[in-house]
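Chain by chain, the residues:
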Amino acid sequence: MEPTLQQVIDFVREISGDVKSVITEETRLEADLGIAGDDGVELLEEAEKRFGVLFVTEERSFKETFGLGENEYLFTAEGLDLFGVGRLIGWLGREPRTVVRDLTVGELWRVLVETR
C-alpha cells in the first residue's frame, strides 16, 4: 500500500523533531525544517525502511529517482567554511558549481509513491 501524504508529513515531523511548525506538501526539508547533511541522509534511509522502498536499484540511480541534474544535490554538506575557501578553490579549479535543490515534503511523498 502506498503511503499517504499525511503519513509522510507525520514521518517528517517525527524525524525532524519539529512539533511546532505547520508541515505541508510545500514544506522544504532544509530551508523550513533545518534538515541538512547527515540528517538528510538519515531521513532518506529511514524513509526507505519505513515505507519499504529503495531509492537506488540496478535500474535506477539516486539522481534518477529524485530527478537531479549533474551537479544537483538534495542537502547541503554539514561543516563550516567561514571564509569561503572551499568555494574559492572550486572556482579557481573551474569546477562546476553545485546546486542544492531543497526537497519538499510533497516531492518526497511523490518519490515514495513512484518507487513502490
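Anyway, here's the lowdown on the structure attached to this text.

Conventions used here
- Residues numbered from 1 in each chain as written.
- Predicted model: local features only at pLDDT ≥ 70, side-chain atom pairs only at ≥ 80, totals over all residues.
- Heavy atoms only, no water.
- Patch = residues over 30% accessible without salt bridge, like charges linked within 9 Å, V, L, I, M, F, W, Y side chains within 5 Å.
- Areas by Shrake-Rupley, 256 points an atom, 1.4 Å probe, with all protein chains shown as cover.
- Salt bridge = Lys/Arg side-chain N within 4 Å of Asp/Glu carboxyl O.
- Lys, Arg positive; Asp, Glu negative; His and termini not counted.
- Charge placed at Lys NZ, Arg CZ, Asp CG, Glu CD.
- Helix = DSSP H or I, 4+ residues; strand = E, 2+ residues; numbered from the N terminus.
- Buried < 20%, exposed > 50% of the residue type's maximum accessible area, 1.4 Å probe, protein only.
- Contact = heavy atoms within 4.5 Å.
- Core = buried A, V, L, I, M, F, W, Y, C linked by side-chain atoms within 4.5 Å.
- Axes fitted to C-alpha atoms, helices over the stretch in contact; angles between N-to-C directions.
- Parallel < 35°, antiparallel > 145°, perpendicular 65-115°, else oblique.
- Left-handed = near helix turned anticlockwise from the far one by under 90°.
- Nonpolar A, V, L, I, M, F, W, Y, C, P; charged D, E, K, R; others polar.

## Notes on a negative patch on the surface
A cluster of acidic side chains, namely Asp-38, Asp-39, Glu-42 and Glu-45, defines a negative patch on the protein surface. Structurally, Glu-42 can be placed in helix α2 (residues 37–51).

## Some words on helix α5 (residues 105–115)
All of the buried residues along α5 are Val-105, Gly-106, Leu-108, Val-111, Leu-112 and Thr-115. Taken together, the buried residues of α5 touch α1 (5–16), α2 and α3 (62–66).

## Observations concerning the side chain of Thr-65
Locating Thr-65 in the fold gives a position in helix α3. In this structure Thr-65 touches Phe-55, Arg-60, Val-111 and Thr-115, once residues within four positions along its chain are discounted.

## What to know about the nonpolar core
Grouped together as the largest cluster of nonpolar side chains are 23 residues, with contacts concentrated most on Val-12, Leu-29, Leu-44, Phe-55, Phe-66, Leu-108 and Leu-112. Those elements giving two or more residues to this core turn out to be α1, α2 and α5. Setting aside anything within four residues of it in sequence, one finds Val-12 in contact with Ile-23, Leu-29, Leu-33, Val-105 and Leu-108.

## Overview of the packing of α1 against α5
In the contact formed by α1 and α5, the axes pass within 10 Å of each other and the chain directions differ by 120°. On the basis of their axis angle, the class for α1 and α5 is oblique. Remark: the crossing between α1 and α5 carries right-handed chirality. In this structure, α1 uses Leu-5, Val-8, Ile-9 and Val-12 to contact α5, whose residues at the interface are Val-105, Leu-108, Trp-109 and Leu-112. Across the contact of α1 with α5, the residue classes break down as 8 nonpolar, no polar and no charged.

## Examining the packing of α1 against α2
Packing of α1 against α2 leaves a shortest axis separation of 11 Å and a crossing angle of 135°. Put simply, α1 runs oblique to α2. With respect to the hand of their crossing, α1 and α2 are arranged in right-handed fashion. Residues Gln-7, Val-8, Phe-11, Glu-14 and Ile-15 of α1 pack against Leu-43, Glu-46, Ala-47, Arg-50 and Phe-51 of α2. Per-class residue counts for the contact of α1 with α2 are 6 nonpolar, 1 polar and 3 charged.

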